[in-house]
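# Overview (structure and organization)
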Amino acid sequence: MNARAPRGRWIEGWDPENEDLWESTGKHVARRNLIFSIISEHIGFSIWSIWSVLVLFMGPEIGLPFTASEKFLLVITPNLVGAVLRLPYAAAVTRFGGRNWTIVSSVALLVPAGLAFHFVQQPGTPLWVFLLIGAAAGVGGGNFASSMTNITIFFPQRLQGWALGLNAGGGNIGVATIQVVGLLVIAFAGNAHPSYVAAIYLPLIAVSAVCAALFMDNVDAIRAKPGALLEACSSRHTWWISSLYVGTFGSFIGYSFAFGLVLQTEFDFTPLQAASWTFLGPLMGSLSRPLGGWLADRIGGARVTAWNFVLMAVGVAVLLVASAQGSFALYVTAFIALFLLTGLGNGSTYKMIPAVYAAEAENEVTSGGEAVAAFAKARRLSGAVIGIAGAIGALGGVGINLAFRASYGGASASGDAALAVFLAYYVVCVLVTWAVYLRGSLAPGRTAVRAPEKRTAEAGRA
């Protein structure tokens, strides 16, 4: 492994499972790339979710008198585009390299940020213009898939839960950060200057692109053989894990985009009142994601995921009680707890991806297969499934916002119907996790999905 290759060049022979090389040079290269990957992904998430903040400013006062239904449509649009872009973004890393694609994807964020900066200052701008700009902001959602696919290859399997949790958590916290920025703009400049939010991010985007160029690397092991996505689509675990990720990440991003509008609609809040609370949920969900990966490393991703969905179902039940009682304190407390649980579930579910395919590789080796080929296939499938699950999971956020839009647009003007749907889905996720990954009859390898992967890592170094 040439871990000291010049930055920007392809590092050849990368093998994080080789303990000697990992301790001597590998871990330093991996950590450096992780740091700047987090920075880029963080800003990508902020731009992806920028419309969850900008819609709070929109009203007759600034010449943009959109209804609640139209505002929900504005936050749905970037969510949808970001979900669709995740597959090509994950594939782009395997084609062009982690460093190279991080530079390109960072520079692309200047387009939606610049357009938002200009048009939110133009009273009377029609909704369709903002929908197009919102669609452009979806490129920030694609950054997650490319970043996660890239970082997976830098770390040994036994550390991937923690590394992926840090990478994703650092990116997810971009949702909370931009909402804090929105709160500060409202607090210090008032409700009439949404352009300030976008203006703050324009130089930060440029800095992140420069940092990626200077400090990140391309790795030859990330190159995927043609057809990796199709190969992953033929695995049943791709679809089981994606359905679970709809419940965890789909809930996180969907609630993050909708939280401010829900508070405005449910409790008739002003923009300042809504912004004062909206950042807390995404912040808790982002900070808890590495913890979910850490717990999964130690006691098993499936076990953590199953119990997490049980608690999420309880959280939604409490939201329904709070809504019936009209209790703001209970409602916000339950919602923030739900955010925290989505973060835990994000970390544990993503940890299941490399663990499941490493377990299948171990089973193949035990049956007489060739170890190097088996574990190379496991890494290839893990990278592809990370992209697929990320894309499908993000579509869950679209479903969250569509459900809220339909629920608040009904005769009752309440979010209870949407919450009932979410509760039912979490119960289904509990049953899927138990039947496929805990009950054992369909699990490919209990050790990898239920317990720490020490034996798997040893097999990977064989």
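Residues numbered from 1 in each chain as written. Predicted model: local features only at pLDDT ≥ 70, side-chain atom pairs only at ≥ 80, totals over all residues. Heavy atoms only, no water.

## As for the overall build of the chain
Here is the rule we go by: The secondary structure listing takes helices from DSSP runs of H or I that are at least 4 residues long and strands from runs of E that are at least 2 residues long, numbered from the N terminus. Throughout, radius of gyration means the C-alpha value; the globule benchmark is 2.2 Å times the number of residues raised to the power 0.38. Relative accessibility under 20% of the residue-type maximum defines a buried residue, over 50% an exposed one, and the middle range a partly exposed one, all with a 1.4 Å probe and only protein chains included.
Helices and strands together make up the secondary structure of the chain, namely 19 helices and two strands. For a compact globule of 462 residues, the expected C-alpha radius of gyration is about 23 Å, and the chain comes in at 22 Å, within 12% of that figure. Taking the principal axes of its C-alpha atoms as reference, the chain extends roughly 70 × 50 × 30 Å. Across the 462 residues of the chain, 58% fall into the buried class.

## Overview of the domain arrangement of the chain
We apply this condition: For the domains described, the bounds stem from an automatic or database domain assignment. Here a residue-residue contact requires only that any non-hydrogen atoms of the pair lie within 4.5 Å. When two components associate, each loses some accessible surface as probed by a 1.4 Å sphere; the sum of these losses over both components is called the buried area. Any Lys or Arg side-chain nitrogen located within 4 Å of an Asp or Glu carboxyl oxygen qualifies as a salt bridge. In the analysis that follows, any N or O atom pair within 3.5 Å is treated as a polar contact, provided that within protein one partner can donate a hydrogen and the other can accept it, and provided that, for residues neighboring in sequence, both atoms belong to side chains.
As far as domains go, the chain holds domain 1 (24-224) and domain 2 (226-440). Of note, the centres of domain 1 and domain 2, computed from C-alpha atoms alone, are 19 Å apart. Listed by partner, the interface residues are 48 residues for domain 1 and 54 residues for domain 2. Interface of domain 1 and domain 2: buried area, both sides summed, is about 4,200 Å²; carbon and sulfur atoms make up 75% of it. For the pair domain 1 and domain 2, the interface holds zero salt bridges. Here domain 1 is connected to domain 2 by 10 residue pairs in polar contact (both at pLDDT 80 or more). The element best represented in the side of domain 1 that touches domain 2 is helix α8 (residues 160-189), accounting for 17 residues.

## Section: the pattern of salt bridges
Using the criterion set out here, one finds four salt bridges in the structure. Linking R158 and E19 is a salt bridge whose minimum nitrogen-to-oxygen distance equals 2.9 Å. With R158 in the loop between α7 (139-152) and α8 and E19 in helix α1 (residues 19-48), this residue pair connects regions lying 139 residues apart in the sequence. Overall, E19 belongs to the partly exposed group, its relative accessible area being 26%. Note that K27 and E23 form a salt bridge whose closest N and O atoms lie 3.0 Å from each other. Highlighted residues: K27 and E23, both in helix α1, separated by four residues, approximately one helical turn. On the basis of relative accessible area, K27 is assigned to the buried category, the value being 17%.

## A short note on unusual backbone geometry
At D268, a position not held by glycine, the phi torsion is positive, near 55°. Here D268 shows up in the loop between α11 (236-267) and α12 (271-278).

## Some thoughts on the state of the cysteines
Just so we agree on the cut-off: Disulfides are defined as pairs of cysteine sulfur atoms found within 2.5 Å of each other.
As enumerated under the stated definition, the model contains zero disulfides in all. Free of any disulfide, C233 has its nearest neighbouring cysteine sulfur in C429, separated by 20 Å. On the basis of relative accessible area, C233 is assigned to the partly exposed category, the value being 32%.

## A look at the side chain of S242
Looking at where S242 falls in the secondary structure, it is placed in helix α11. Note on S242: relative accessible area 1%, which makes it buried. Here S242 is in contact with I388, A389 and I392, once residues within four sequence places are set aside.

## A closer look at the packing of aromatic side chains
Quick note on the threshold: Note on aromatic contacts: the rings of Phe and Tyr and the six-membered ring of Trp form a pair at centre separations within 6.5 Å, being stacked when their planes are under 30 degrees apart, edge-to-face when over 60 apart, and tilted otherwise. Whether a charge sits over a ring comes down to the Lys NZ or Arg CZ being within 6 Å of the ring centre and within 35 degrees of the ring normal.
Taken as a whole, this structure holds 34 aromatic pairs when the rule is applied. The ring of Y350 carries the charged tip of R289 above its face, separated from the ring centre by 5.2 Å.

## Focus: the nonpolar core
To be explicit about the condition: By nonpolar core is meant a set of buried Ala, Val, Leu, Ile, Met, Phe, Trp, Tyr and Cys residues that side-chain atoms within 4.5 Å join together.
By size, the foremost hydrophobic cluster in this structure holds 113 residues, and its most contacted members are W51, F130, V197, Y255, F335, F404 and F422. If one sorts the elements of this core by residue count, helix α15 (residues 328-366) sits on top with 15 residues. A domain-level breakdown of this core finds at least three residues from each of domain 1 (24-224) and domain 2 (226-440). Core analysis: the next-biggest nonpolar cluster, separate from the first, contains 12 residues, I11, W14, W22 and I151 among them.

## Structural notes on the packing of α11 against helix α16 (residues 371-408)
Selection rule: Axis lines are fitted to C-alpha atoms, over the contacting stretch for helices. Their N-to-C directions set the angle, which ranges from 0 to 180 degrees. By definition, turning the near helix anticlockwise from the far helix through less than a right angle yields a left-handed crossing, and turning it clockwise yields a right-handed one. Nonpolar residues are Ala, Val, Leu, Ile, Met, Phe, Trp, Tyr, Cys and Pro. Charged residues are Asp, Glu, Lys and Arg, and all others, Gly as well, are polar.
Their axes nearest at 6 Å, the elements α11 and α16 cross at an angle of 35°. α11 and α16 meet at a crossing whose hand is right-handed. Of the residues that constitute the contact of α11 with α16, the class distribution is 17 nonpolar, 11 polar and one charged.

## Here we look at empty space enclosed by the protein
Note the cut-off: Throughout, the protein atoms alone are placed on a 1 Å grid, and a set of points is a cavity if a 1.4 Å probe fits but cannot get out or a pocket if it is open with protein on both sides within 12 Å along at least five of seven lines; lining residues have an atom within 4 Å of a point. Grid points are joined across faces, edges and corners, and a volume is the space filled by probe spheres set on the points.
What the rule picks out here adds up to one cavity of 30 Å³ or more. Each pocket or cavity is described by its volume, and for the largest cavity that value is around 60 Å³. Listed by contribution, the elements that provide at least two residues to the lining of the largest cavity are α1, α4 (98-108) and α7. Top element by residues in the lining of the largest cavity is α7. It accounts for four residues. In the lining of the largest cavity, the residues fall into one nonpolar, eight polar and one charged.

## Some remarks on helix α9 (residues 195-215)
Just so we agree on the cut-off: By definition here, a helix of n residues has an expected span of 1.5 Å times n minus one.
For α9, spanning 21 residues, the distance from its first C-alpha to its last is 31 Å, which sits close to the expected 30 Å at 1.5 Å a residue. Turning to α9, its buried residues are S195, V197, A198, Y201, I205, S208, A209, C211 and A212. In the core, the buried residues of α9 are packed alongside α1, α2 (50-57), α4, α5 (110-119) and α8.

## Digging into α15
The condition is simple: One fitted axis covers the seven residues ending at a residue, a second covers the seven starting there, and the bend at that residue is the angle between these axes.
Taking 1.5 Å as the rise per residue, α15 with 39 residues should run 57 Å; its terminal C-alpha atoms sit 56 Å apart, in good agreement. Roughly 25° is the biggest bend found in α15, and it falls at I353, with proline P354 one to four residues downstream. Extensive coverage of α15 is indicated by the burial of 28 of its 39 residues. With its phi angle positive at about 110°, G368 sits one or two positions after the end of α15.

## What to know about the packing of helix α3 (residues 68-96) against helix α6 (residues 127-137)
As a reminder of what qualifies: The labels follow the angle: roughly parallel below 35 degrees, roughly antiparallel above 145, roughly perpendicular from 65 to 115, and oblique for the rest.
Contact geometry for α3 and α6: axes closest at 7 Å, N-to-C directions at 30°. With respect to each other, α3 and α6 are oriented roughly parallel. In this structure, the crossing between α3 and α6 has a hand that is right-handed. Each of E70, L73, L74, T77, P78 and V81 in α3 lies in contact with α6, whose residues at this interface are L127, F130, L131, G134, A135 and A137. Residue composition of the contact of α3 with α6, by class: nine nonpolar, two polar and one charged.

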